[in-house]
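# Observations on the model geometry
What follows is each chain in one-letter form.
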Amino acid sequence: MEIILTLVLGLAFAFGIGAGDETLATLVGSGGMRLRRAVVLGAILAAVGAMFLSQGVATSIGTELVNHESFDFARYQAWILVSVLLTVTAWLIIASRTGLPVSTTYSIIGAFIGVALCAPLFGTEFSMMLHWSELQYIVIGWIVSPFLGLAFAWIVGYLVKRFIRRKIHGLGGLEKFERTLMIALVFFSCFNQVNRAGNDAGKALGIFYSLGYAGQIDGAMMVLMIIAGSIMVGLGLLIIGRHLLKNVGKNLIEIRPSDAICIEASMSIVLIIANLFALPISGGQVLIFAIVGIAMAKHESVNKKRLKRIVYSWVLTFPLAAASSAGILLLIVGGFKI
Amino acid sequence: MNQRKKQRRTIHANPGLQEMLDALKKQSQLTEELVKQACDGSDKAAIRVKALVSDVIALEKKIDRLKEAFIETLYAEKGFLPNIQKNDYLFITENIDEIADEIEIVARQFQIYDYSFPDHVKNDYISLAIAVNNTVVSLAEQVAYLFKDFKIAGSTWRKVQEERRIAREVSWSLLHEILESEVDHKKFLMLRALVKSLIAAADKAEDFSDSINALAVKYLTLD
């Protein structure tokens, strides 16, 4: 029963990841693509990215984070995953309610730390529950990726300004320039959609890898669930994600293609690096820091109050997710004496 | 090539906008000619006045149609321009239309009243019409430069200011002359109304020129 519950929650999480994907918002916001078309294209690309590019991150989270040998993993695995999934789903709901870019990566890792806090329940020690070297690797990715996003956006923004923009003298030239960049923007946005879906979906599909490698579900079932999870990512974007794309793309972001391309190019570089190293990074975090980078390149001020609020929400996510998953696990394993 | 594709291509290099500017320049030049013919006072000139009034009104209607077509293209399904630029294009077309409306009011004055100018004000009316025309033509050049070179658009702004200042000076002197004239009340009101409607077109052009200058500065300092 608990396996079925885990699978259902895993699919719901994959759906939630798709629903919270705002990768194509810059493309919609800069007027490069109509919302309806962006949603359909985004859903297809997200499903493809989830299906083919998520394995590295999924394996990192699903099989390499928890130390299976430190306790009776098979006995508790499903409940551990249920507590993690419930926590992450709650964060996704909070994110959609508050409009804050709450990081699912932070919440899922925080939730695993919460699991480690419950080590005595499983007859082991906190320090033995997780592969800390793996966690260290992920945390370094968190710290480095936003700054890489900022730095690359600044560099691309500076180069565009220094070598191209200054040579344009009138609205006619500007129009031609932006139009040309739009083609590149469509390419970068689609590329990022596939890569980001690969990275983000890995966090949800990692659940299926975890169950598969532990022998809780057979190989065919694991593949089937990965396909179903990938489709759920696409469906999430298609059904719910359209509202986010509309809000972010049409209401919050009104940018020129030349700015959008700097942000998307920076995202592309960071996502390629992250996927190459199987690092589960926060796409939203990279996006926001890339926007800060482009603002710095243009000597524009950033809304520091808003930025602080976003950073606080990231920082808070980690301990709150840990407390949440620990609480759920205590309730299930301790309360029902499983 | 289908119509939509054609429209999409025409946004670039703004032939729609250029056509509006050309029509505005023509309308302003015809209005100068209209005042000159009205001041002539001959029978032949009177016929010419009627024709010119029709032409000026027709050009206002043409600008209206061009504006509608341009806005449709601007916000068309496949038309593309960054939103920030779209708003500026809309602002430009609306202002061109408003100046054309002001010029049309000048022509309408001739439609509703058969002007016979006192001799001592004729030259001032012609000077005013020339100054107003120069203001509008300079403005049209400034708008065209906005699409070619922001810096020149900024410097053309001074030319518009200067032409409008001349128009303003002439209008005050003309109003003084009218007040000093021995004309009946109705004629006085109509002569004054004509001065006011001529200077209103120059004032509107100057306001728009200020905004174009601001746009040029905005785009120059955008990055």
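Model, not experiment: these values are computed from the prediction. (Residues numbered from 1 in each chain as written. Chains lettered and ligands numbered in written order. Predicted model: local features only at pLDDT ≥ 70, side-chain atom pairs only at ≥ 80, totals over all residues. Heavy atoms only, no water.)

## Some points on the overall build of chain A
The secondary structure content of chain A amounts to 13 helices and 0 strands. The linear arrangement of helices and strands in chain A, starting from the amino end, is α-α-α-α-α-α-α-α-α-α-α-α-α. For 338 residues, the compact-globule estimate of 2.2 N^0.38 gives 20 Å, and chain A sits close to it at 20 Å. Split into buried and exposed, the 338 residues of chain A put 58% on the buried side. Surface exposure of chain A reaches about 14000 Å², of which carbon and sulfur atoms provide 70%. Of the charged side chains in chain A, 25 are positive and 16 negative, and the gap between their average positions amounts to 16 Å. (Helix = DSSP H or I, 4+ residues; strand = E, 2+ residues; numbered from the N terminus. Rg over C-alpha atoms; globule rule 2.2 N^0.38 Å. Buried < 20%, exposed > 50% of the residue type's maximum accessible area, 1.4 Å probe, protein only. Areas by Shrake-Rupley, 256 points an atom, 1.4 Å probe, with all protein chains shown as cover. Lys, Arg positive; Asp, Glu negative; His and termini not counted. Charge placed at Lys NZ, Arg CZ, Asp CG, Glu CD.)

## Observations concerning the nonpolar core
Formed by 168 residues in total, the largest nonpolar core has its most connected members in A:F122, B:I92, B:F110, B:F117, B:Y125 and B:L146. Sort the elements by how many residues they give to this core and helix α7 (residues 185-220) of chain B lands first, with 15 residues. Once residues lying within four places of it in the same chain are set aside, the contact partners of B:F110 are B:L34, B:V35, B:A38, B:V49, B:V53, B:Y115, B:F117 and B:L194. (Core = buried A, V, L, I, M, F, W, Y, C linked by side-chain atoms within 4.5 Å. Contact = heavy atoms within 4.5 Å.)

## Topic: helix α2 (residues 15-40) of chain B
In this model, α2(B) (26 residues) spans 37 Å end to end at C-alpha, consistent with the 38 Å of a helix rising 1.5 Å per residue. Among the residues trailing α2(B), B:G41 stands out with phi positive, at a value near 80°. (Expected span 1.5 Å × (residues − 1).)

## Some thoughts on a nonpolar patch on the surface
Residues and elements named next belong to chain A. A cluster of nonpolar side chains, contributed by V40, I44, V48, F52, L53, V223, I227, I231, L235, L238, I239 and I240, occupies part of the molecular surface with about 980 Å² of accessible area. For the nonpolar patch, the secondary-structure elements that each account for two or more residues are α3 (35-53) and α10 (219-252). Ranked by the residues each element gives to the nonpolar patch, the list is headed by α10, at 7 residues. Here I44 shows up in helix α3. (Patch = residues over 30% accessible without salt bridge, like charges linked within 9 Å, V, L, I, M, F, W, Y side chains within 5 Å. Salt bridge = Lys/Arg side-chain N within 4 Å of Asp/Glu carboxyl O.)

## Digging into the side chain of B:S138
All names here are of chain B. Relative to the elements of secondary structure, S138 occurs in helix α5 (residues 119-146). Reaching out from S138, the side chain makes a polar contact with the backbone oxygen of N134 at a distance of 2.8 Å. Setting aside residues up to four positions removed in sequence, S138 forms contacts with T156, K159, V160 and E163. (Polar contact = N/O pair within 3.5 Å; in protein donor to acceptor, adjacent residues only side chain to side chain.)

## Quick notes on empty space enclosed by the protein
Residues and elements named next belong to chain B. This model, assessed by the stated rule, comprises 3 cavities of 30 Å³ or more. The space that makes up the second largest cavity amounts to roughly 50 Å³. Lining of the second largest cavity is provided by S28, T31, E32, I103, V106, A129, V132, N133, L198 and A201. At the level of secondary structure, the elements contributing two or more residues to the lining of the second largest cavity comprise α2, α4 (83-112), α5 and α7. Taken together, the residues of the lining of the second largest cavity sort by class into 6 nonpolar, 3 polar and 1 charged. (1 Å grid on protein atoms, 1.4 Å probe; cavity = no way out; pocket = protein on both sides within 12 Å on 5 of 7 lines; lining within 4 Å. Points joined across faces, edges and corners; volume = space filled by probe spheres on them. Nonpolar A, V, L, I, M, F, W, Y, C, P; charged D, E, K, R; others polar.)

## Re the environment of A:L238
Residues and elements named next belong to chain A. Relative to the elements of secondary structure, L238 occurs in helix α10. A residue is classified by how much of its surface remains accessible, and L238, at 30% relative accessible area, is partly exposed. Residues L238 and T317 lie 79 residues apart in sequence; the distance between their C-alpha atoms is 27 Å. Setting aside residues no more than four positions away along its own chain, L238 makes contact with V39, V40 and A43.

## Concerning the environment of B:S127
All names here are of chain B. You can see S127 is positioned in helix α5. Given a relative accessible area of 31%, S127 falls into the partly exposed group. Taking C-alpha positions, S127 is 11 Å from E33, a pair spaced 94 residues apart along the chain.

## Remarks on the state of the cysteines
Using the criterion set out here, one finds 0 disulfides over all chains in the structure. Between A:C262, a cysteine without a disulfide, and A:C190, which holds the nearest cysteine sulfur, the sulfur-to-sulfur distance is 18 Å. (Disulfide = S-S within 2.5 Å.)

## Quick word on the packing of aromatic side chains
Taken as a whole and judged by the stated rule, the model has 15 aromatic pairs over all chains. Note on A:F187 and A:F188: the rings are 5.6 Å apart at their centroids and 70° apart in plane angle, and the pair reads as edge-to-face. Of the residues examined, A:F187 reaches a relative accessible area of 54% and is grouped as exposed. In this structure A:F188 comes out as partly exposed when scored by relative accessible area, which is 24%. Pairing B:Y115 with B:F117 gives two aromatic rings, centres 5.4 Å apart and planes at 10°, and the pair type is stacked. Residue B:Y115 is classed as buried on the basis of its relative accessible area, which comes to 8%. In this structure an aromatic cluster arises from ring pairing among B:F110, B:Y113, B:Y115, B:F117 and B:Y125. One Lys or Arg, A:R162, reaches over the ring of A:F163 and ends 5.6 Å from the middle of that ring. Just above the ring of B:Y145 sits the side chain of B:K148; from NZ or CZ to the centre is 5.9 Å. (Phe/Tyr/Trp six-rings, centres within 6.5 Å; stacked < 30°, edge-to-face > 60°. Lys NZ or Arg CZ within 6 Å of the ring centre and 35° of its normal.)

## Some words on the packing of α5(B) against helix α6 (residues 150-180) of chain B
For any two helices packed against each other, one specifies the crossing angle of their axes together with the interaxial distance. All names here are of chain B. The geometry of α5 relative to α6 is characterised by a closest axis approach of 8 Å and an angle of 165° between their N-to-C directions. Regarding the angle of α5 to α6, the classification is roughly antiparallel. Viewed along their axes, α5 and α6 form a crossing whose handedness is left-handed. (Axes fitted to C-alpha atoms, helices over the stretch in contact; angles between N-to-C directions. Parallel < 35°, antiparallel > 145°, perpendicular 65-115°, else oblique. Left-handed = near helix turned anticlockwise from the far one by under 90°.)

## Thoughts on the side chain of B:T31
All names here are of chain B. Structurally, the position occupied by T31 is in helix α2. Among the residues examined, T31 registers a relative accessible area of 5% and is labelled buried. A distance of 2.7 Å separates a polar side-chain atom of T31 from the backbone oxygen of Q27. Dropping the residues within four chain positions of it, T31 is found in contact with V56, I103, V106 and L198.

## Looking at the pattern of salt bridges
All names here are of chain A. Taken as a whole and judged by the stated rule, the model has 13 salt bridges over all chains. Here K203 makes a salt bridge to D200, at a shortest N to O gap of 2.8 Å. Separated by 3 residues within a single helix, K203 and D200 lie in helix α9 (residues 171-213), roughly one turn from each other. In this structure K203 comes out as buried when scored by relative accessible area, which is 0%.

## Describing the confidence of the model for chain A
With 95% of its residues at a pLDDT of 70 or more, chain A has an overall mean of 82. The least confident element of chain A, judged by mean pLDDT, is helix α4 (residues 55-63) of chain A at 76; the most confident is α3(A) at 89. (pLDDT = per-residue confidence, 0-100.)

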